[in-house]
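# Results of the structural survey
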4 protein chains.
Amino acid sequence: MKAAVYEGPCNVKVKEVPDAKIERATDALVRITTTNICGSDLHMYEGRTDFERGRVLGHESLGQVIEIGKTVDRIKVGDIVCLPFNISCGHCANCDTGLTAYCLTLNPKPGMAGAAYGFAGMGPYNGGQAEYLRVPYADFNCLRLPREAEEQQNDYVMLSDIFPTGWHATELAGLLPGESIVIYGAGPVGLMAAYSAMIKGAAKVMVVDSHPDRLRLAESIGAIPIDFAKDDPVDKVLELTKGKGADRGCECVGYQCHDSQGNEHPNLTMNNLVRSVKFTGGIGVVGVFLPEDPGAPDDLGKQGEVVFDMGLFWAKGQRIGTGQCNVKAYNRRLRNLIEAGRAKPSFIVSHQLPLSQAPEAYLHFDRRDDGWTKVVLKPTG
Amino acid sequence: MKAAVYEGPCNVKVKEVPDAKIERATDALVRITTTNICGSDLHMYEGRTDFERGRVLGHESLGQVIEIGKTVDRIKVGDIVCLPFNISCGHCANCDTGLTAYCLTLNPKPGMAGAAYGFAGMGPYNGGQAEYLRVPYADFNCLRLPREAEEQQNDYVMLSDIFPTGWHATELAGLLPGESIVIYGAGPVGLMAAYSAMIKGAAKVMVVDSHPDRLRLAESIGAIPIDFAKDDPVDKVLELTKGKGADRGCECVGYQCHDSQGNEHPNLTMNNLVRSVKFTGGIGVVGVFLPEDPGAPDDLGKQGEVVFDMGLFWAKGQRIGTGQCNVKAYNRRLRNLIEAGRAKPSFIVSHQLPLSQAPEAYLHFDRRDDGWTKVVLKPTG
Amino acid sequence: MKAAVYEGPCNVKVKEVPDAKIERATDALVRITTTNICGSDLHMYEGRTDFERGRVLGHESLGQVIEIGKTVDRIKVGDIVCLPFNISCGHCANCDTGLTAYCLTLNPKPGMAGAAYGFAGMGPYNGGQAEYLRVPYADFNCLRLPREAEEQQNDYVMLSDIFPTGWHATELAGLLPGESIVIYGAGPVGLMAAYSAMIKGAAKVMVVDSHPDRLRLAESIGAIPIDFAKDDPVDKVLELTKGKGADRGCECVGYQCHDSQGNEHPNLTMNNLVRSVKFTGGIGVVGVFLPEDPGAPDDLGKQGEVVFDMGLFWAKGQRIGTGQCNVKAYNRRLRNLIEAGRAKPSFIVSHQLPLSQAPEAYLHFDRRDDGWTKVVLKPTG
Amino acid sequence: MKAAVYEGPCNVKVKEVPDAKIERATDALVRITTTNICGSDLHMYEGRTDFERGRVLGHESLGQVIEIGKTVDRIKVGDIVCLPFNISCGHCANCDTGLTAYCLTLNPKPGMAGAAYGFAGMGPYNGGQAEYLRVPYADFNCLRLPREAEEQQNDYVMLSDIFPTGWHATELAGLLPGESIVIYGAGPVGLMAAYSAMIKGAAKVMVVDSHPDRLRLAESIGAIPIDFAKDDPVDKVLELTKGKGADRGCECVGYQCHDSQGNEHPNLTMNNLVRSVKFTGGIGVVGVFLPEDPGAPDDLGKQGEVVFDMGLFWAKGQRIGTGQCNVKAYNRRLRNLIEAGRAKPSFIVSHQLPLSQAPEAYLHFDRRDDGWTKVVLKPTG
């Protein structure tokens, strides 16, 4: 089958690889019809992780079930399914309590938790930027979609990762209806966080970025764009909140955070959030931070450490929640919103391309070229 | 009246000061019968804050109401009351939602929230290590005690701060019955956190410190003591939890954290907690961190910054909650536990002294002299 | 001053009564500019309660502060304020935990909790369908509005009761974004429950009633109308939810519930809800039920008892939450939604009349005359 | 194999039945070493359900895995396991959110949810009062126990049902530490509810029953016994709570509730709870109520209806949560409490008998003979 393969830093090729197939009686085999490139793919693309050369990328996928293992009960051949990026066993202590992003079974690395398709450090599973994908524990890991989903794949595919992840950011922040929230980062996840906040009835949603195309998208869904190349974002948030600070904040940037001069500062958004958010406010962090980052510009960064304004954070009595999204915690309800016509997350899609154009897509998306907000690939069908 | 007055670093005197009195119609005047020295008093005592010379110290107080303002309705002369260390208005946006530690009305410093008796940066209110104390908004700020409380003042006085604060640490950590929890710091607040965890039905409570007297107290209530002078606390916690880490952790030390050689490392407990607590676990921080600390040993410290293992924290999907305790969130229920004989927090009291001996008490408590766990002062009656 | 006075069953007169005035130092005096007739006023109007003749009606009011008592700190003369229908002390055990609808201080009847303006069984307080209103504990009981509120009083006045009460119904039901909900009753509160559910991101909102004008309003905000005169509502809900039942349900009718033939059945909506809502679903009940109802058509009703499908309710593992709304739990956030232009609850207003026309308004509203959805009175200004 | 078989009303026989065996690749086969008779078995025993003659009873079981299906991954032969009474698939919409008592997959009856071993209306699964038990979806439905569990089986077997069910009652009631709670019914589940409340730090636990042996057990764990044959339980609870009512209440009796004269009143405990619990309090109902009860003494009862004090319930703003316990929501944490020596639920065991004596055990337990609190059967080992 054809697949997008990581060949080294800034080098993705579409090539033939061995076909995905059923390996265990609990697997399903899915023909991928839509799959996205995610901002977290870029950490791997840039060589800032230990992702192995030759592996298939991609963890945001949707397709049709073409074969099932012998003990798959709920999922049937022909079902249209969206696959959460997390792969989970469904019966460990974490899965049992809904913490499916931290499955204790499927990550073979000792002392680690959580597995994903085509992801550094998240187990040996191949990605979905390919014609076919093997889905372990299919009854647990497939979200069935309504028949009409076929016509609206660019909406439903967002259920695999960025829509729930943006939603998770607002959950970690503790957002309540009628509150204000500031979101740092207007990449796909930041935009989905803003969109989630709007759906949940936030009174005021502020989005901080410096890319005009992304800020325009934020504005298009009712958020207030803040261009940090023009304004100090903390000052702006305080001004928009009568000096109090936002009720809640989200980090949707991660460790590869750049200032307006293009210099990397992994602590920039975290410390800005502490200053932007009110006393007793909550902060949700879904932007990726790594325990080790050998490519970091300094020693602290190499060890995954940041200089954090702990004193101010504590004095303000704030809270931080972090980590990857437990997609299954939200994906049924978000599917229902799409089905009811109350959510259309495809508004962020800028490019729909065949799988063969994955290399160009990676290049432009990684450079944050103007207008390359979100790329959807169509491997088959 | 007589009161314990801060006269400069490591210098507390008991002297005559003007009598506390009713200043507003919503005040009550309380004759103090029991009042404690708190670990956070030591930050002021050591001159590590901007606490003004000449001010009365003390924010853990219990006594009898001897006069009330004209519009005090609920509280009556003669009531035995315990005073939460936070002074709150009861009608601002934060008080309305139970965040009484972050009252927006009573701290006159612009941009600050929260007030307290005799506390640096928390408004001009005098402390309770004195014969009398003025209590603003008395209907809101007095907890009435049962008549029998007079015989059990050393239990009930703990409702003013450290019992609720220890409890708050476990709430911020998200502790559920049947879980394990590690508490860094076996000072009075750490011991109260451990005691709270036991009352709430934790399965395993581990307490890290290096003072044998404090570790013995931890053991006496059913906790597992970990002496960091003998064992690496992270290794020990992992060993006690089958390699998984504790479900929850509490920081009850604060920025003045010392290693076993006596060197100060404000980030030591925070980073140990990230390593001691399991994936998806919660961390509650009630140890004090300051936005500015001019007396800190290095530049980061002076600005209230710490080098924090953000990468590991994020990868583990953990949560942190911080800040001073909203005492009123818990004090009625904890009072009921004392009244029912189900809690006896006075087990930590090592010394009961007249107010006149406050200077010696400060000296010994600040030096963590063996056996000086908690000092209770008796200004009157 | 002029006020709408209850003179006996189905008899309201606008007449001169003694001026409202400051009685305690914690009071404010408010000149009422907008005040509504509420569905619960009709229980009193019809003589189905023990409301005293000669008392002023009205508990949904907005106006301008014209005088304050000596110890009022937060509220100033000139403030535009909306008054929660509950009057609360702000310092009892219930108010302390946000249960302001169940204030233990202000209802003089032994064994009762909760007070309100112009309401049967809720204390001696006069209502706001008058030129002036005395507001006890003004710092706690006034919600300050932005200056622009003067132009948008018909939106902001809904913060006094029905918008928060409709919201409360969805909170008691446990509604999450992306879920489905069925609301029995499309009176003002039912419509506000539906509106709240839409704001919170419900995927599907179904509203059951038989008045075409009310069902049209439900439809206008995106809800699905169900006319119980045409369809069996339980069958219809099951059909709209693929046979599962709604995730959540709200009772916005109360004990005076009529079938399509006009017969009163106090248990009708409750039992329909149990059948309409899925296994494990939640039901919120804000429609009024009374412990005693001497005017009820049968003996059970007189004692406030209903024949309830307990067996089915238990087998389905459902939950019920009940009671009057703690308005302060939501009114700041709902105000922020109005201020941000994200909520316009005035869409339900059908009639805006001077106070002098209160008698006609009561008559038409009580008869559910077509088009009389919600009446707003303008006593002054 | 030998098993306890239902042969008709009040007729249980121990006889040979076909061996339990692996039927699907996801099953495990467990040799039962300890299994209990439950109060809910008595509804079947008395013929008050549609339980089929010839079926094996028993849903509280513990044993050793002796064989596993081909796709069982987590559970190994030799594991000592306790089986939740609910049988759940682990991947339906309810299981995904922890509502394993309402599994949508395993109950074959249309429109029903939830399955259990040897239980009327809960699917065709045989019970565990037998030498062997087939466990469907074994990875999801087995709780692994520590090796030492073999010595403490009478504690660990309680994890199958009554310990979590009693715990669930307190969760449904919303109990917080430091609160008071009244429990109606001192059968095994009521005693476990009381025990759970003690573990969670309730300040005051009151237990209502009329059997002296059961009330003595309640007292032995620190609860306050209330004998309804001697005192009006509502009056007593009000007296013990200074007139306010208990913060929380639990129904642990169910529809077969008898007054002190022995007459059945299915609404007796529910209405007493409404009167015993404070304004805004919560009520948890784990006692069984049935949608249809052909053997009921009156017409309402036959249809599963009760005359409920809805008016008082609503006026008090109370909440009710109901239903069978989702055992997996609590069983790991409760296991940890047993393992840590902090819970010993076997204190309720009155009789430990071989399986062959099941008939006598049913007889005495059903008659509530003095001292027959809880029977533990030992089929093998």
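Treat the numbers as computed from the prediction; the structure is a model and nothing was measured.

## Focus: the overall build of chain A
Along the backbone of chain A there are 13 helices and 18 strands. The C-alpha radius of gyration of chain A comes to 20 Å, within 12% of the 21 Å expected for a compact globule of 381 residues. With the C-alpha coordinates of chain A rotated into their principal frame, the extents come out at 60 × 45 × 40 Å. Taken over 381 residues, chain A has a buried fraction of 67%. Pairs at least 24 apart in sequence give 72% of the contacts found in chain A among residues at least 6 apart.

## Some thoughts on the relation of the copies chain A and chain B
Both copies of the chain are related through a single rotation about an axis accompanied by a shift along the same axis. In the superposition of chain A on chain B (RMSD 0.0 Å, axial shift 0.0 Å), the rotation amounts to 180°. The two molecules are tied by a two-fold rotation axis, judged by turn and shift. The C-alpha atom lying nearest the rotation axis in chain A is that of Val-307 of chain A; the distance is 2.3 Å. Of all interface residues in chain A, 100% are interface residues in chain B too; the two copies therefore contact each other through one and the same surface.

## Regarding the pairing of strand β11 (residues 204-209) of chain A
Put simply, side chains in a regular strand alternate between the two faces of the sheet. Residues and elements named next belong to chain A. With five of its six residues buried, β11 lies for the most part within the structure. One ladder, built from five bridges, connects strand β10 (residues 180-184) with β11; its direction is parallel. Residue pairing in the sheet places Val-182 in a bridge with Met-206 of β11. With helix α6 (residues 188-199) bridging β10 and the parallel β11, this β-α-β connection has right-handed handedness. On the question of chirality, the crossover connecting β11 to the parallel strand β12 (residues 224-227) by way of helix α7 (residues 212-220) is right-handed.

## Structural notes on the packing of aromatic side chains
The geometry of an aromatic ring pair is captured by two quantities: the separation of the ring centres and the angle between the planes. The final tally for this structure, using the stated rule, is 30 aromatic pairs over all chains. With 5.7 Å between their ring centres and 65° between their planes, Tyr-6 of chain B and Phe-51 of chain B make a pair best called edge-to-face. Note that Tyr-6 of chain B is positioned in strand β1 (residues 2-6) and Phe-51 of chain B in the loop between α1 (39-45) and β4 (61-68), a separation of 45 residues in sequence. Between Tyr-45 of chain C and Tyr-362 of chain C, the ring centres sit 5.1 Å apart and the planes meet at 25°, which makes this aromatic pair stacked. With Tyr-45 of chain C in helix α1 (residues 39-45) and Tyr-362 of chain C in helix α13 (residues 358-366), this pair connects stretches of sequence that are 317 residues apart. Each of the two residues, Tyr-45 of chain C as well as Tyr-362 of chain C, counts as buried. Through a chain of ring-to-ring contacts, the aromatic side chains of Phe-163, Trp-167, Tyr-195 and Phe-347 of chain A assemble into a single cluster. Of note, Lys-328 of chain B hangs over the ring of Phe-140 of chain B, and the distance from its end group to the ring centre comes to 4.0 Å. For Lys-200 of chain D, the ring lying beneath its charged end belongs to Trp-167 of chain D, and the centroid distance is 4.8 Å.

## Section: the environment of Val-253 of chain B
Residues and elements named next belong to chain B. For Val-253, the position within the fold is in the loop between β13 (246-251) and α9 (268-276). Once the C-alpha coordinates of Val-253 and Ser-40 are considered, the two residues, 213 residues apart in sequence, prove to be 9.9 Å apart. Those residues in contact with Val-253 that lie beyond four places of it in its chain are Tyr-184, Gly-185, Thr-269 and Gly-287.

## Quick notes on the sheet that holds strand β12 (residues 224-227) of chain C
Reading across the sheet, the twelve strands line up as β12(C)-β11(C)-β10(C)-β13(C)-β14(C)-β16(C)-β16(D)-β14(D)-β13(D)-β10(D)-β11(D)-β12(D) and stay open at both edges, with mixed pairing between neighbours. The open sheet terminates on both sides in strands that have one partner only, identified here as β12 of chain C together with β12 (224-227) of chain D. Sheet twist, expressed as the mean angle between neighbouring strand axes with direction ignored, is 20°. Examined bridge by bridge, strand β16 (residues 319-322) of chain C and strand β16 (residues 319-322) of chain D share three bridges and lie antiparallel to one another.

## A word on the interface of chain A and chain B
Taken together, the contacts link 39 residues of chain A with 39 residues of chain B. Here chain A and chain B share an interface that buries about 3,300 Å² over both sides, 68% of which is from carbon and sulfur atoms. Sorting the residues of chain A by area buried against chain B places Phe-279, Met-310 and Trp-314 of chain A first, and these three jointly supply 23% of that buried surface. For the pair chain A and chain B, the number of links is zero salt bridges. Counting only elements with at least two residues in the side of chain A that touches chain B, the list comes to β14 (277-285), β15 (306-308), α11 (310-315) and β16 (319-322) of chain A.

## Digging into the packing of helix α8 (residues 233-240) of chain B against α9 of chain B
Residues and elements named next belong to chain B. It is the contact of α8 with α9, at a shortest axis distance of 9 Å, that shows an interaxial angle of 25°. Considered as vectors, α8 and α9 are oriented roughly parallel to each other. Judged by the twist between their axes, the crossing of α8 over α9 is right-handed. For the pair α8 and α9, the contacting residues are Pro-233, Val-234, Val-237 and Leu-238 in the first and Asn-272, Arg-275 and Ser-276 in the second. Residue composition of the contact of α8 with α9, by class: four nonpolar, two polar and one charged.

## What to know about the pairing of strand β17 (residues 351-354) of chain B
Residues and elements named next belong to chain B. In terms of strand pairing, β17 meets strand β18 (residues 375-378) through four bridges, oriented parallel. Of the residues in β18, the one forming a bridge with His-351 is Val-375. Note on the crossover from β17 through helix α13 (residues 358-366) to β18: the handedness is right-handed.

## Digging into the interface of chain A and chain D
The interface is formed by 16 residues belonging to chain A together with 16 residues belonging to chain D. A buried area of about 1,300 Å², summed over both sides, lies between chain A and chain D, and 46% of it is on carbon and sulfur atoms. Together, Asp-73, His-91 and Asp-96 of chain A form the three largest contributors to the area buried by chain A at its contact with chain D, with a combined 37%. Taken together, the connections running from chain A to chain D amount to six salt bridges. Residues Lys-328 of chain D and Asp-96 of chain A are paired through a salt bridge, measuring 2.9 Å at the closest nitrogen-oxygen approach.

## Section: the domain arrangement of chain A
Residue and element names in this part refer to chain A. For chain A, the assigned domains read domain 1 (2-161 + 326-378) and domain 2 (163-322). Each of domain 1 and domain 2 was reduced to a C-alpha centroid, and the two centroids are 25 Å apart. Across the contact, 29 residues belong to domain 1 and 25 residues belong to domain 2. Roughly 2,400 Å² is buried in total at the junction of domain 1 and domain 2, and carbon and sulfur atoms are behind 61% of that figure.

## Focus: the relation of the copies chain A and chain D
Mapping chain A onto chain D is achieved by rotating through 180° and translating by 0.0 Å along the same axis, at an RMSD of 0.0 Å. Taken together, the interface assignments show that 100% of the residues at the interface of chain A recur at the interface of chain D, consistent with an identical surface on both copies.

## Some remarks on helix α9 (residues 268-276) of chain A
Of all nine residues in α9 of chain A, seven are buried; the element is thus mostly enclosed. Residues of α9 of chain A that are buried include every one of Thr-269, Met-270, Asn-271, Asn-272, Leu-273, Val-274 and Ser-276 of chain A, and no others.

## Observations concerning the sheet that holds strand β10 (residues 180-184) of chain B
Within a sheet, each strand pairs with its neighbour through backbone hydrogen bonds, oriented either parallel or antiparallel. What the twelve strands build is an open sheet, ordered β12(A)-β11(A)-β10(A)-β13(A)-β14(A)-β16(A)-β16(B)-β14(B)-β13(B)-β10(B)-β11(B)-β12(B); its pairing is mixed. Bordering the open sheet on either side are β12 of chain A together with β12 (224-227) of chain B, each of which pairs with just one other strand. Sheet twist, expressed as the average angle between the axes of neighbouring strands with direction ignored, equals 20°. Two elements, β11 of chain A and β12 of chain A, share four bridges in a ladder whose sense is parallel. When the bridges of β12 of chain A are listed, Asp-209 of chain A appears paired with Asp-227 of chain A.

## What about the pattern of salt bridges?
All chains considered together, the criterion is met by 76 salt bridges over all chains. A salt bridge links Glu-16 of chain B to Lys-2 of chain B, with the nearest nitrogen and oxygen atoms 3.1 Å apart. Here Glu-16 of chain B is found in strand β2 (residues 12-16), whereas its partner Lys-2 of chain B is found in strand β1, with 14 residues between them in sequence. Judged by its relative accessible area of 40%, Lys-2 of chain B is partly exposed. For Arg-248 of chain C, the salt bridge identified is with Glu-179 of chain C, shortest N-O distance 2.8 Å. Of this pair, Arg-248 of chain C sits in strand β13 (residues 246-251) while Glu-179 of chain C sits in the loop between α5 (162-172) and β10 (180-184), and the two are 69 residues apart along the sequence. The same class applies to Arg-248 of chain C as to Glu-179 of chain C, namely buried. A single salt-bridge network, built from bridges that share partners, covers Glu-23, Asp-27 and Arg-134 of chain A.

Calculation rules
Throughout, residues of each chain are indexed from 1 in the direction in which the sequence is written. Labels follow written order: the first chain is A, the first ligand is 1, and so on. Side-chain atom pairs in this predicted model are given and counted only at pLDDT of 80 or more, local residue features only at pLDDT of at least 70, and totals for whole chains, interfaces and linings cover all residues. Excluding hydrogens and water, the side-chain values take into account all heavy atoms of the structure. A run of DSSP states H or I qualifies as a helix once it reaches four residues; a run of E qualifies as a strand once it reaches two. Both are numbered from the N-terminal end. What the globule rule says is 2.2 Å times the number of residues to the power 0.38, and the radius of gyration is computed from C-alpha atoms. Only protein chains enter the calculation, and the probe is 1.4 Å; a residue is then buried if its accessible area is under 20% of its type maximum, exposed if over 50%, and partly exposed in between. Only heavy atoms matter for contacts: two residues are in contact if any of them lie within 4.5 Å across the pair. A residue counts toward the fit only if its pLDDT is at least 70 in both copies, and the copies are then superposed by least squares on the C-alpha atoms of those residues. Strand pairing requires that DSSP identify at least two bridges connecting the strands. Whether a crossover is right-handed depends on one test, that the path from the first strand over the helix to the second runs clockwise when the strands point away from the viewer. Here is the rule: rings of Phe, Tyr and Trp (six-membered ring for Trp) pair when centre to centre is within 6.5 Å. Planes less than 30 degrees apart are stacked, more than 60 are edge-to-face, and the remainder are tilted. Over a ring means this: the NZ of a Lys or the CZ of an Arg is within 6 Å of the ring centre and within 35 degrees of the ring normal. Only the contacting stretch of a helix is used when fitting its axis, a line to C-alpha atoms as for every element, and angles between N-to-C directions run 0 to 180 degrees. What gets called buried area is simply the loss in accessible area from a 1.4 Å probe that two parts show on being joined, summed for both. A pairing counts as a salt bridge when a side-chain nitrogen of Lys or Arg comes within 4 Å of a carboxyl oxygen of Asp or Glu. Angles are sorted into four bins: roughly parallel if under 35 degrees, roughly antiparallel if over 145, roughly perpendicular if 65 to 115, and oblique for all others. Less than a right angle of anticlockwise turn of the near helix away from the far helix marks a crossing as left-handed, whereas a clockwise turn marks it as right-handed. Think of it as three bins: nonpolar holds Ala, Val, Leu, Ile, Met, Phe, Trp, Tyr, Cys and Pro, charged holds Asp, Glu, Lys and Arg, and polar takes everything else, Gly as well. Where each domain begins and ends follows an automated or database-derived domain assignment.

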